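Below, each chain spelled out in residue letters.
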Amino acid sequence: TVEQGWVANIGKAKNIVRRGREDADQINILGDDGVPMSYHETFWKSELIDFCFLQQDAFDPIDSLCPIERQKYMLDLVLNICDHSFTFDDYEKCRDYFKDMINLIRQMNYSEFESEAFNTYHTQLNNLLEENGK
Amino acid sequence: MANKAYQRIYTQLEAITKATVSLKAKGVSNDELAIVHGRLAQVVRTKGDMITLQVFSGTEGIPTNAEITFLGAPPTLHVSDQLSGRFFDAYGNPIDGGPRVEGEERQIGGPSVNPYKRRQPSQLIPTGIAGIDLNNTLVSGQKIPFFADPDQPYNQVMADVALRADVDKIILGGMGLSNDDYLFFRHSFEAAGALDKIICFINTTENPPVERLLVPDMALTAAEYFAVDKNEKVLVLLTDMTLYADALSIVSNRMDQIPSKDSMPGSLYSDLAKIYEKAVQLPTGGSITIIAVTTLNDGDITHAIPDNTGYITEGQLFLRADSDSGKVIIDPFRSLSRLKQLVQGKQTREDHSQVMNAGVRLYADAQNAKTKLENGFDLSDYDHRCLAYAKEYATRLLSIDVNIRIEEMLDTAWELFGKYFSKAETGIKQALTDKYWKE
C-alpha cells in the first residue's frame, strides 16, 4: 500500500477536476466576467491537477517514468496547493498566477527527483505560494 | 488469351446478376481468372460445384448459354526492371503504347511479409509539409492514409510528398481516377524528371469499377519485387481507397452476402488489412511505404471505410480547408502518425517533441478563444494573442503549400512562441527554452 488515505486523496483530486469542468462550462455560458472569482480559481486548480499530475510527456526521459514514491510526493504537493485559498483582483491575474505555478511544477516534472534543479523549482513554487495563498 | 488444347468450355450459367455470374464447374480454384463471353472474370466464391465469378466489365448482354473458360490461375504480373517508367491498366496491360513487360510471372495478392522478418521502421521520410513533418512525422515502412473530403487537393499533396521523398520507386495505384487526375500525376512526374522511378496501374472513371479490385494487389506485387528482390525503397500511393471499398460492396451485395455497416461487406476490415499490411521495413534495407487516400463523406470518419482503415493504418493525415487562415491544412487535432516517436528527437533536433506538443496545445487554446468569440464574449489579452498565433501557425506551418526543412519548422515555431507568449505560458522544458527561445 502507498499510504493511509491514498484512495481518499485520489477521490479528492477527482472531485476537484469534476468541479473544475462544471465551472468551465459556466464560464463558457456566462463569460469570464459573469462568474464569481471562485469559479476561475476552482477551474485553474483542476487545470493544475491536469497539467502537473495527470499529464506525462512520453518523449521526456524523466517525465515518462514516475515511480510510486514520486507520484505520492507530487499528488501531495498538488493537493496542498489546492487546499489554499487565493485572492485575485481579476481573472486575468488568476490565470497568469496559476500558469506560473503550472510551469514551475512542469519544470519539476522534467527534473530528476530531489535534484538541485528540482529543489530550486520547488523553492520558487513555495515563494509564489506564500505571495498569495492562505 | 487463346484457348489451350483440350480446354473445357462451359456453356450454361445458373445465375446472372449485375456484376456476377454463377455456374456449375469442377476443379476450379478461388481467385482463378476466367473468360465469360469474351470478358475477363474472376472466381469469388466456390460452394461445392457452384462457382460464382465477378465479371470485371459488368454482365450486360451476357446470355445464359455464354461460353466460359477457366484460365487455370489467379491474376499475375510479370515483374522485372522493365516495369520502371511504365503505365498499365488494372490487368497489367500497357496503356502507354509500349511493349508488354517480360519477366518472372508472379501471382498477385499473396500473403504479406513474415512478421519475424520485419524490422521496426526507423527512417524518417521528410515531406517539407510541417503539418506532417512537425506534428505527424512519417517513417519508411509506414502505412498511413489521407482523410479528406472529395473537394480537397489530396492528389496534389500526395504527388508533392511522393516527389520530395527519397525513394527508389514510386508506384501509383489509381482507382476511379478522373482523366484530369491521371494526367495531373503523369505531368507532375514528367516535370520532376522522375518518370523512370514511376510505375502506374490506372483504373479511371471510364473503366469498369469492379476492375479496381485488382489495382492495389498489382501495385503491391510490383512493390514487393523491388523491395524484396532489389532492396529498394518503394513508396506506394493508392488513390482512392473509398472507391475500392465501393467496388467490394458492389460485388458482395450482388453475391447476396448480408451487408454489414454502411452496406459494406462484413469482410471489409480483412480486405483492407490484406492490402495495408504489405507495408514493411525489411532487414536488408528495402521497404514498402503505403500512403493512401480515403475520401470522406462530409468529414464523417465514423463511416465504415475510414473507421476500419483507421484501425489498420498507423495513423491518418486529415486534410481540411481552414476558414480562419484560408489555407488547406493538415488538421493537428484529427491527424496522427503512430510512429513519429521513433524519429522525433532521434533523427531530428532534440526539441522536436516539445515544440510539436506546445505548438498544438496553444493552437487548441486558440480554438477555445474562437468559441468565446462566437458566443459573443469579450476576449482576454491571452485569447487575442492565441488567435493571432493560430493564424500565423496555420499559415506558416500547418498549410500544405509550405515546403521547408524540419529545422526551419522548429525555428519558426520558436519564433511564434517568442512573439506571442511568455516562456511560462508555453510550459516547455527550461533546458530547451534556454537554448532555443527567440525574443
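A quick note: this is a predicted structure, and the numbers were derived from the prediction, not measured.

## A short note on the overall build of chain B
- Helices and strands together make up the secondary structure of chain B, namely 12 helices and 20 strands.
- Here chain B has a C-alpha radius of gyration of 25 Å; the compact-globule value for 439 residues is 22 Å, and the two agree.
- Projected onto the principal axes, the alpha-carbon positions of chain B cover approximately 85 × 50 × 40 Å.
- Taken across its 439 residues, chain B has 56% of its residues classed as buried.
- In chain B, once contacts between residues fewer than 6 apart in sequence are set aside, the share between residues at least 24 apart is 72%.

## A few points about the side chain of Gln54(B)
- Positionally, Gln54(B) belongs in strand β5 (residues 50–55).
- Filtering out sequence-adjacent residues up to four positions away, Gln54(B) remains in contact with Ala19(B), Thr20(B), Leu40(B), Ala41(B), Gln42(B), Val44(B), Val210(B), Leu213(B) and Val251(B).

## Considerations on the interface of chain B and chain A
- Taken together, the contacts link 19 residues of chain B with 21 residues of chain A.
- Inspection of the chain B/chain A interface yields two salt bridges.
- Residue Asp60(A) pairs with Lys429(B) through a salt bridge whose shortest N-O separation is 3.0 Å.
- On inspection of chain B and its partner chain A, the count reaches 10 residue pairs in polar contact (both at pLDDT 80 or more).
- Secondary structure elements with two or more residues in the side of chain B that touches chain A: α8 (352–374), α9 (381–398) and α11 (423–426) of chain B.
- In terms of residues, the side of chain B that touches chain A owes the most to one element, α8(B), which gives five residues.
- Per-class residue counts for the side of chain B that touches chain A are four nonpolar, seven polar and eight charged.

## Overview of the side chain of Ser337(B)
All names here are of chain B.
- Its location among the elements puts Ser337 in strand β20 (residues 336–337).
- The exposure class assigned to Ser337 is buried, which follows from its relative accessible area of 1%.
- Every residue in contact with Ser337, bar those within four places of it in the chain, is listed here: Asn136, Thr137, Leu138, Gln142, Ile144 and Glu314.

## A look at the confidence of the model for chain B
- For chain B, the mean per-residue pLDDT works out to 94, and 99% of the residues sit at or above 70.
- Confidence estimates for the predicted assembly give a pTM of 0.92 and an ipTM of 0.92.

## A word on the nonpolar core
Residues and elements named next belong to chain B.
- Residues Ile171, Phe201, Val236, Leu238 and Met241 are the most contacted members of the largest nonpolar core, which totals 54 residues.
- In terms of residues, this core owes the most to one element, helix α4 (residues 215–229), which gives nine residues.
- When near neighbours in sequence (up to four residues on either side) are disregarded, Phe201 contacts Leu77, Phe88, Asp89, Gly92, Ile171, Leu172, Gly173, Gly174, Val215, Met218, Ala219 and Ala222.
- Within the second largest apolar cluster, 37 residues are counted, among which are Ala130, Leu339, Tyr393 and Trp414.

## Structural notes on the environment of Met218(B)
Residues and elements named next belong to chain B.
- Here Met218 shows up in helix α4.
- On the accessibility criterion, Met218 (1% relative accessible area) is buried.
- Separated by 127 residues in sequence, Met218 and Tyr91 place their C-alpha atoms 7.8 Å apart.

## Here's the deal with the sheet that holds strand β1 (residues 15–16) of chain B
Residue and element names in this part refer to chain B.
- Taken together, the six strands give an open sheet; going across it, the order is β1-β2-β5-β4-β3-β6, and neighbouring strands pair in antiparallel fashion. Here the strands that pair on one side only, and so sit at the sheet edges, are β1 and β6 (68–70).
- Pairing of strand β2 (residues 20–24) with β5, which is carried by five bridges, proceeds in the antiparallel orientation. Residue pairing in the sheet places Ser22 in a bridge with Thr52 of β5.

## Focus: the pairing of strand β12 (residues 143–148) of chain B
Residues and elements named next belong to chain B.
- Of all the six residues making up β12, six are buried; the element is thus mostly covered by neighbouring parts of the structure.
- The side-chain alternation of β12 yields two buried faces, one formed by Lys143, Pro145 and Phe147 and the other by Ile144, Phe146 and Ala148.
- Pairing analysis gives six bridges linking β12 to strand β17 (residues 287–295), with the strands arranged parallel. Looking at β17, one finds that Phe147 is bridged to Thr294.
- Here β12 pairs with strand β18 (residues 315–322) via two bridges, running parallel. Paired with Phe147 across the bridge in β18 is Phe318.

Calculation criteria
- Residues numbered from 1 in each chain as written.
- Chains lettered and ligands numbered in written order.
- Predicted model: local features only at pLDDT ≥ 70, side-chain atom pairs only at ≥ 80, totals over all residues.
- Heavy atoms only, no water.
- Helix = DSSP H or I, 4+ residues; strand = E, 2+ residues; numbered from the N terminus.
- Rg over C-alpha atoms; globule rule 2.2 N^0.38 Å.
- Buried < 20%, exposed > 50% of the residue type's maximum accessible area, 1.4 Å probe, protein only.
- Contact = heavy atoms within 4.5 Å.
- Salt bridge = Lys/Arg side-chain N within 4 Å of Asp/Glu carboxyl O.
- Polar contact = N/O pair within 3.5 Å; in protein donor to acceptor, adjacent residues only side chain to side chain.
- Nonpolar A, V, L, I, M, F, W, Y, C, P; charged D, E, K, R; others polar.
- pLDDT = per-residue confidence, 0-100.
- Core = buried A, V, L, I, M, F, W, Y, C linked by side-chain atoms within 4.5 Å.
- Pairing = 2+ DSSP bridges.

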